[in-house]
Amino acid sequence: MRTQVGIVGAGPAGLLLSHLLHLEGVESVVLESRSREAVEQTIRAGVLEQGTVDLLTSVGVGDRMQREGAVHHGIELRFDGRGHRIDFPSLTGGRAIMLYAQHEVLKDLIKARLEAGGDIRFEAPAVGLDDLDSDRPRVRFQQDGRDQELECDVVAGCDGSWGVCLPAIPADRRTEYHREYPFGWFGILAEAPQSSKEIVYTYHERGFALVSTRSPTVQRLYFQCEPDDEVGNWPDERIWAELRARLETRDGWTLAEGPIFQKGVITMRSVVCQPMQYGRLFLAGDAAHIVPATGAKGLNLAVADVVVLARALVERDRSGRTDLLDAYSDTCLRRVWRAQHFSWWMTSMLHRFPGDDPFQHQLQLSQLRYVASSPAAAASLAENYVGLPLERP
Ligand SMILES: Cc1cc2nc3c(=O)[nH]c(=O)nc-3n(C[C@H](O)[C@H](O)[C@H](O)COP(=O)(O)OP(=O)(O)OC[C@H]3O[C@@H](n4cnc5c(N)ncnc54)[C@H](O)[C@@H]3O)c2cc1C
């Protein structure tokens, strides 16, 4: 088998890359280890930056998102028992965010690719990459119980945080930057009406809590937990009691409750692999970098990477120019580190750290009061949250 761009992973990065390349006449094959059903049902991100929304719309995969997604014009920071709204449009020249679940974005992309005759191989895990430093790199994969090989001009490693592509870069040719946070997020999905029209980020003595929404009847809530916490430690009533305690306000705001139908613990960590390329392998999305979920940047960074990569690959295909491809990693890493800083900053401001350090607590409250009261500080949060402009393909 041969193709121009061999893409490992049918997450947001891999599928969008395949779509962008197709629009410019560059062919690709996508290899995905899981089934189509599993990919379309895994619940993860939900916040789309303005640039991501505009891009998906402009490349023809935004119709359902525009109909079913919810535009949010701000978020609430809650601390000291009071809410403080950060208004995005007035602080960013009219920009906003969209709540539309990641698995819905994936359904739209898979549909678009398959309708256009795109080649997505589900249940076809890549098991190794060869000859990355030659002009004929190959991906070994399995399908229908058989070992197969995909020969390509270029490999796009879009296989997320536990894939095979990053480890295929020799250890002495990459640097990995890591930060582990001493807490996790306990997340639930509940059948309940909305408690708040906008996302609420809460700092409380008991720890961070977040109120978000998936639809008028399904709510997404998170609270800070131990990094090694387990779902079994948290019966439903304990979850609601903890959320009520952290989210209560002096003006009597109430949390809408209902049956919980999903629970899980996510780890909070920052990772960057530098450079994001080696020979003919280009990493994109979580394969190259992980951000803690507080800044809602993971999916959006994956989109930003493949916009740069698609443009560079199309340029190479059209004119033979490789300067954009050579600069791929440097171009992406500028945005990646900005998002890393923002995600770290939000995480540091909003969580309780072990040791219960009263000095640290006062610093965090001071930072929150500053962001809530200073238009300049609020504008910085808003500008990062709605997302810096994307490089257009
Ligand atoms: C609970 C949770 C909440 C989140 N919330 C947000 C949010 O609000 N906003 C936000 O922007 N981000 C959020 N994120 C992060 C976001 O979901 C990820 O950053 C995003 O999925 C990255 O996309 P990706 O395409 O790089 O990787 P992935 O989505 O991980 O896709 C990689 C794909 O590669 C496949 N794969 C892996 N190994 C192989 C192999 N060997 N061969 C073939 N295929 C392989 C995997 O099955 C997967 O389908 C959240 C993440 C989690 C876990």
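Up top you'll find the structure we're talking about.
1. Considerations on the site of the ligand
Looking at the ligand, there are 32 residues lining it, with Glu32, Gln102, Ala126, Asp286 and Leu299 nearest. At 3.0 Å from an oxygen atom of the ligand is found a main-chain nitrogen or oxygen belonging to Ala296. Asn300 places a polar side-chain atom, nitrogen or oxygen, 3.3 Å from an oxygen atom of the ligand. In isolation the ligand exposes 1000 Å². Once the protein is present, 87% of that is buried. Across the shell around the ligand, the residue classes tally to 16 nonpolar, ten polar and six charged.

2. A look at helix 8 (residues 298-319)
Between its terminal C-alpha atoms helix 8 stretches 32 Å, which fits the 32 Å expected from 22 residues at 1.5 Å a residue. In the segment just after helix 8, Gly320 is the residue with positive phi, at about 80°.

3. Quick word on the packing of aromatic side chains
Tallying each qualifying case throughout the model produces 14 aromatic pairs. Pairing Phe342 with Tyr385 gives two aromatic rings, centres 6.4 Å apart and planes at 80°, and the pair type is edge-to-face. Note that Phe342 is positioned in helix 10 (residues 328-350) and Tyr385 in helix 12 (residues 375-386), a separation of 43 residues in sequence. Assigned by exposure class, Phe342 and Tyr385 land together as buried. Connected via pairs of aromatic rings, a cluster forms that spans Phe88, Trp185, Tyr201, Phe208, Tyr222, Phe342, Trp345 and Tyr385. One cation-aromatic arrangement involves Arg78 over Trp253; the distance from NZ or CZ to the ring centre is 4.1 Å. The ring centre of Trp234 lies 3.6 Å from the NZ or CZ of Arg238, which sits over that ring.

4. Remarks on the pairing of strand 11 (residues 146-157)
Looking at chain direction, strand 1 (residues 2-8) and strand 11 are connected through six bridges and run parallel. When the sheet's bridge partners are listed, Val8 is paired in strand 11 with Gly157. Pairing analysis gives six bridges linking strand 10 (residues 138-143) to strand 11, with the strands arranged antiparallel. Residue Gln142 lies in a different strand from strand 11, and its bridge partner there is Asp147. Counting the residues in the hairpin turn of strand 10 and strand 11 gives two residues, including Asp144, whose phi is positive at 50°. Relative to strand 18 (residues 281-283), strand 11 is paired through three bridges, and the arrangement is parallel. Looking across to strand 18, one finds that Ala156 is bridged to Phe282.

The rules behind each value
- Residues numbered from 1 in each chain as written.
- Predicted model: local features only at pLDDT ≥ 70, side-chain atom pairs only at ≥ 80, totals over all residues.
- Heavy atoms only, no water.
- Near = heavy atom within 4 Å.
- Polar contact = N/O pair within 3.5 Å; in protein donor to acceptor, adjacent residues only side chain to side chain.
- Areas by Shrake-Rupley, 256 points an atom, 1.4 Å probe, with all protein chains shown as cover.
- Nonpolar A, V, L, I, M, F, W, Y, C, P; charged D, E, K, R; others polar.
- Helix = DSSP H or I, 4+ residues; strand = E, 2+ residues; numbered from the N terminus.
- Expected span 1.5 Å × (residues − 1).
- Phe/Tyr/Trp six-rings, centres within 6.5 Å; stacked < 30°, edge-to-face > 60°.
- Buried < 20%, exposed > 50% of the residue type's maximum accessible area, 1.4 Å probe, protein only.
- Lys NZ or Arg CZ within 6 Å of the ring centre and 35° of its normal.
- Pairing = 2+ DSSP bridges.

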